[in-house]
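For reference, the chains in residue letters:
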Amino acid sequence: MVDLLVIGGLGVDIRARVPALPPPVADSLLVPPIDLRIGNTGAGVALAAHALGLRVALVDVLGADPAGDVVRAALARTSIRTTLADAPTGTRRSVNLVDPAGRRMSLHDPRPWSGPAPFGEAELAALVAEATHVHLSIMDWARDSLAVLRAATSISTDLHDWDGENDYHRPFARIADLVFVSDTRLGERAAKEAAELAPRTVLVTGGAAGATLHTPGVPPTHVPAATPPGPVVDTNGAGDAFAAGVIAARLRGAGILDAARYAARVAAAACTYDGMEYPDGLLPRE
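S.K.: Any chance you could explain the overall build of the chain here in plain terms?
M.R.: In terms of helices and strands, the chain carries nine helices and 13 strands. Taken over the C-alpha trace, the chain has a radius of gyration of 18 Å; the compact-globule value for 286 residues is 19 Å, and the two agree within 12%. When its C-alpha atoms are laid out on the principal axes, the chain stretches across 50 × 45 × 40 Å. The buried share among the 286 residues of the chain stands at 50%.

Written as structure tokens, this is what we have:
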């Protein structure tokens, strides 16, 4: 058995530090060393949950390319169980531009999946049966497997910067018990969209502004952002760490509001570290 099964979301982040966002228009800019490291949302949730002491498994497609080798090497440094299928189009990758305050702009290359399903229904069903909780990344191949994933005991998903209109995201939300979504595009419509997702619990995240918890039958509750335990280095992965914190706390018996408050501390600590391979003791386990 595992505590958490993460569906999809592996990739590589190419991190470049820039003097400002957006960067100045110029023929070239001298920047600090540009790093290639494991990234993308599924990796962020899995690695943060692993750092929080959960038993984690992850299933996804990955390219047989240098970017994929970076991901495999990082996962090999953990106890995360992986089930990987070859992605003929290569490993997903993102270019993350990070300013001096740690704010991020991501340019994402999703490497869309094409062809037959990468995993059989029986194989996915067996993985789901072994997990206490399943977290869905909104991957294209996973969308075609939602009927199998529906059998999970509890499910969460992250809709990221959903605009409230794109129908691609709705099937993921419909099978989840817990939905994370950023207020980046929803703005003032966040409360309306969260209400329409009832009876699901919805956490609308707003970065440094904190998050808003929408629970059926209860007025929306603001969850303040926590104070980082050190200088903010990189906010990339903070939302994934927040999701991992909520999941970890819930699995340990916390109520949803206490879980969200704890997750705010986890996300704040994640912002003080450059990358997603968190060292022991960085993310608070209690």
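S.K.: How should the packing of aromatic side chains be read in this particular structure?
M.R.: For any pair of aromatic rings, the description consists of the separation of the ring centres together with the inter-plane angle of the planes. A full pass over the atoms with the stated rule returns four aromatic pairs. With a centroid separation of 5.8 Å and 40 degrees between ring planes, the pair formed by Tyr168 and Phe172 is classed as tilted. By relative accessible area, Tyr168 is classed as partly exposed at 27%. Judged by centre distance (6.2 Å) and plane angle (85 degrees), the rings of Phe180 and Phe242 are edge-to-face. On the criterion of sequence distance, the pair formed by Phe180 in strand β10 (residues 178-182) and Phe242 in helix α8 (residues 238-251) is long-range, its members being 62 residues apart. Classification of Phe180 as buried rests on a relative accessible area of 3%. Residue class for Phe242 comes out buried when judged on its relative accessible area of 7%.

S.K.: Looking at this structure, how should I read the packing of helix α1 (residues 41-51) against α8?
M.R.: Axes are the key here: two packed helices are described by the angle between their axes and the distance separating the axes. The geometry of α1 relative to α8 is characterised by a closest axis approach of 8 Å and an angle of 50 degrees between their N-to-C directions. When the axes of α1 and α8 are compared, the pair comes out oblique. Crossing of α1 against α8: the hand is right-handed. Contacts between α1 and α8 involve Thr41, Gly44, Val45, Ala48 and Ala49 from the first element and Asp240, Ala241, Ala243 and Ala244 from the second. Grouping the constituent residues of the contact of α1 with α8 by class yields six nonpolar, two polar and one charged.

S.K.: Explanation requested: the sheet that holds strand β13 (residues 221-223) in the structure shown.
M.R.: Hydrogen bonds between backbone atoms are what pair the strands of a sheet, whose relative direction is either parallel or antiparallel. Pairing in this open sheet of nine strands is mixed, and the strands run β5-β4-β1-β8-β9-β10-β11-β12-β13 from one edge to the other. Each of the sheet's edge strands pairs with one partner strand only, and the pair in question is β5 (81-86) and β13. Sheet twist, expressed as the mean angle between neighbouring strand axes with direction ignored, is 20 degrees. Bridging between strand β8 (residues 131-136) and strand β9 (residues 155-158) involves three bridges; their strand directions are parallel. Paired with Val134 across the strands is Ile155, a residue of β9. The strands touched by helix α3 (residues 121-129) are β1 (2-7), β4 (56-62), β5 and β8; relative to β8, the strand with the most contacts, the crossing angle is about 120 degrees.

S.K.: Help me out: how do you make sense of helix α9 (residues 256-270) in this one?
M.R.: Structurally, the α-helix is built with 3.6 residues per turn, so residues lying three or four positions apart point the same way. Compared with the 21 Å implied by 1.5 Å per residue over 15 residues, the 21 Å span of α9 between its first and last C-alpha is a close match. Extensive coverage of α9 is indicated by the burial of 11 of its 15 residues. All of the buried residues in α9 are Ile256, Ala259, Ala260, Tyr262, Ala263, Ala264, Val266, Ala267, Ala268, Ala269 and Ala270.

Criteria and cut-off values
Residues numbered from 1 in each chain as written. Predicted model: local features only at pLDDT ≥ 70, side-chain atom pairs only at ≥ 80, totals over all residues. Heavy atoms only, no water. Helix = DSSP H or I, 4+ residues; strand = E, 2+ residues; numbered from the N terminus. Rg over C-alpha atoms; globule rule 2.2 N^0.38 Å. Buried < 20%, exposed > 50% of the residue type's maximum accessible area, 1.4 Å probe, protein only. Phe/Tyr/Trp six-rings, centres within 6.5 Å; stacked < 30°, edge-to-face > 60°. Axes fitted to C-alpha atoms, helices over the stretch in contact; angles between N-to-C directions. Parallel < 35°, antiparallel > 145°, perpendicular 65-115°, else oblique. Left-handed = near helix turned anticlockwise from the far one by under 90°. Contact = heavy atoms within 4.5 Å. Nonpolar A, V, L, I, M, F, W, Y, C, P; charged D, E, K, R; others polar. Pairing = 2+ DSSP bridges. Expected span 1.5 Å × (residues − 1).

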